[in-house]
Amino acid sequence: QVQLVESGGGLVQPGGSLRLSCAASRSIINFSGMGWYRQAPGKQRELVAYINSGGNTNYIDSVKGRFTISRDNAENIMYLQMNSLKPEDTARYYCHARFVVSVEGATRDYWGQGTQVTVSS
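Residues numbered from 1 in each chain as written. Predicted model: local features only at pLDDT ≥ 70, side-chain atom pairs only at ≥ 80, totals over all residues. Heavy atoms only, no water.

### Here's the deal with unusual backbone geometry
What counts is decided by this rule: Strands here mean DSSP runs of E at least two residues long; helices mean DSSP runs of H or I at least four residues long; both are numbered from the N terminus.
Phi at Asn76 takes a positive value of approximately 60 degrees, unusual for a residue other than glycine. The residue Asn76 is located in the loop between strand S7 (67–72) and strand S8 (77–82) in this model.

Okay, structure coming up:
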C-alpha cells in the first residue's frame, strides 16, 4: 500500500553535489526506519545511510562527512544530501522503508525503484 518514489539522480562531476528525494505515498511517521541503499554493477547492494524513528543516523564509512540523511515527516519525504561526490559513488540508489503495520509491532519493508547517480568528468 506504500509507494516510494526516488528522484534527484543524474550525472555530476567529481566534487559536485546531488540531493536525492524519496517521496512516500502516505505518512511516514509510522516508519521505524528509512534508509538509502546503493548497488553498482557486479556488486552487492549496500546500505549507505539510515535514519530511525528517533532521528538517529548511521552511515557507511566511505560516505561519512559527505552524505547527510534526513526526513521531513510533514512532507512525507526522505532526503540524501550528497556532497563531494566521487566516482566510486556511482550506483543506483534505492529508498527503503520499514513500516509498522500492527499494534503488536509487526513490520513490512518497502522499496523504491531506484535512481541512477553517475559521478564522472
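### So, the packing of aromatic side chains
Note the following rule: Stacked, tilted and edge-to-face pairs are distinguished by plane angle, under 30 degrees for stacked and over 60 for edge-to-face with tilted covering the rest, among Phe, Tyr and Trp rings (Trp via its six-membered ring) whose centres lie within 6.5 Å. Look at NZ for Lys and CZ for Arg. If either is within 6 Å of the ring centre and within 35 degrees of the ring normal, a charge sits over the ring.
On inspection of all chains with the given rule, the structure shows 3 aromatic pairs. An aromatic cluster of three or more residues is present, and its members are Phe31, Phe99 and Tyr110. Above the ring of Tyr94, the side-chain terminus of Arg45 is found at 3.9 Å from the ring centroid. Directly above the aromatic system of Trp111 lies the positively charged group of Arg45, at a separation of 5.0 Å from the ring centroid.

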